[in-house]
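Structure assessment
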Amino acid sequence: MTDTITWAPARITPADGPLLGHLTGRLDDLLLANGAVVLRGFGITPAALDGVLDRVLPNRLAYVHGNSPRSHVGDRIYTSTEYPADQTISMHNELSYSAKWPSRLAFYCETTPGSGGATPVVPGDAWLAALSPELRAAFADGVRYTQNLHDGHGFGKSWQETFETSDRDEVERHLAEMAGATWEWKRDGGLRIAQLRPAVLTHPVTGTLVWFNQADQWHHAALGDETAAALARIMPEEDLPQHVTYADGSPIAPEHVLEIRDRGLETAVDVDWVAGDLMVVDNVLVAHGRRPYGGARRVLVAMSD
């Protein structure tokens, strides 16, 4: 285990000055220095959100190639991951399994959670430092991901939903731009995508070395023994909606999966939500997740390059 974490996201309140003044250069500087910035007390309303995001995320992206269930609620604005409220979502960087990922995320709390529902955040370098040398050596050559997307009827997400199009040519153009990705259209109309991606990444500006992959989230061991056993009875691992191995194609040890998941959550700092809050995150420097919650909770997310 690591020493006690002293890091926390930067916080901006009305006492620090008007909102508009923080949505320019100061926010950029704070993100590079802290990795995450929470703006609280400005009373950002749903009606004002689009204008705020235009400043925070100058080139908003669609959630193309995303593997999490979300609803599209505005101009490239989505609900945060729609997993059941009683489940923890482990730490991850958005689209870290892809050759293209957003550089910046913005989370907006529209409805305060009834209870729980914090968004844990963790610096990628702290997560990396919390992992054992043996585990880091095992992932030195990267992570191999396999994604199986059905044609509209099946387990997991369809390729149409994942790529926000029903045009095969458009999907192939997107995949062709992803260095190292291979794909095949299956006889049942589904799509299989394979990629070899790094497990560790260097931030392009700060030079910080960070843990940057979703090996634990893509591995059935993180689902628990009963769920993993049930999936094994349904289909082979390689045909699951998402499957992951070490770079050489060999199976990832379940104990490595659990270490990655648990160390990330243990090292994280929780950000509790109040309606009107906005949190901006450097998607390479800082990973995020979700704690279980009760009652109402509505958090929206947008992303940019």
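Structure: above.
Attention here is on the structure that accompanies the text. None of these values were measured; they are calculated from a predicted model.

A few words now on the side chain of His288. Take His288: it is sitting in strand E17 (residues 286–290). His288 gets classed as buried once you look at its relative accessible area, which sits at 4%. Engagement of the side chain of His288 in a polar contact is seen with the side chain of Glu94, the distance being 3.2 Å. In this structure His288 touches Ser90, Met91, His92, Glu94, Leu105, Phe107, Thr119, Pro120 and Val121, once residues within four positions along its chain are discounted.

Once that is clear, we can look at the environment of Glu170. Position of Glu170 among the secondary structure elements: in helix H7 (residues 168–176). Distance in space between the C-alpha atoms of Glu170 and Asp28 is 33 Å, their sequence separation being 142 residues.

Let us look at the sheet that holds strand E10 (residues 182–185). Read across the open sheet, the four strands follow the order E10-E11-E9-E14; overall the sheet is antiparallel. The sheet terminates laterally at E10 and strand E14 (242–246), the two strands that pair on one side only. Neighbouring strand axes in the sheet, compared pairwise and without regard to direction, differ in orientation by 15 degrees on average. Of the strand pairs in this sheet, strand E9 (residues 143–149) and strand E11 (residues 191–197) are connected by seven bridges, and their pairing is antiparallel. Bridge pairing links Arg144 to Leu196 in E11.

In this section: the sheet that holds strand E15 (residues 269–271). Taken in spatial order, the four strands line up as E5-E17-E8-E15 in an open sheet, and their pairing is antiparallel. Two strands lie at the open edges of the sheet, namely strand E5 (89–92) and E15, each paired on one side alone. The average angle at which neighbouring strand axes cross in this sheet is 25 degrees, direction not considered. Pairing of strand E8 (residues 119–123) with E17 involves three bridges; the strand directions are antiparallel. Paired with Pro123 across the two strands is Val286, which belongs to E17. Packed onto the sheet, helix H10 (residues 254–267) meets E5, E8 and E15 and runs at close to 85 degrees relative to E5.

On to the pattern of salt bridges, then. Taken as a whole and assessed by the stated rule, the structure comprises 11 salt bridges. Between Lys100 and Glu177 there is a salt bridge; the shortest N-O distance is 2.5 Å. You can see Lys100 sitting in the loop between E5 and strand E6 (104–111) and its partner Glu177 sitting in the loop between H7 and E10, a full 77 residues away along the chain. For Glu259, the salt bridge identified is with Arg263, shortest N-O distance 3.7 Å. Here Arg263 and Glu259 lie together in helix H10, a separation of four residues that amounts to about one turn. Through salt bridges that share partners, Asp50, Asp54 and Arg60 make up one connected network.

Reading guide: rules and limits
Residues numbered from 1 in each chain as written. Predicted model: local features only at pLDDT ≥ 70, side-chain atom pairs only at ≥ 80, totals over all residues. Heavy atoms only, no water. Helix = DSSP H or I, 4+ residues; strand = E, 2+ residues; numbered from the N terminus. Buried < 20%, exposed > 50% of the residue type's maximum accessible area, 1.4 Å probe, protein only. Polar contact = N/O pair within 3.5 Å; in protein donor to acceptor, adjacent residues only side chain to side chain. Contact = heavy atoms within 4.5 Å. Pairing = 2+ DSSP bridges. Axes fitted to C-alpha atoms, helices over the stretch in contact; angles between N-to-C directions. Salt bridge = Lys/Arg side-chain N within 4 Å of Asp/Glu carboxyl O.

In short, geometric facts, not functional conclusions.
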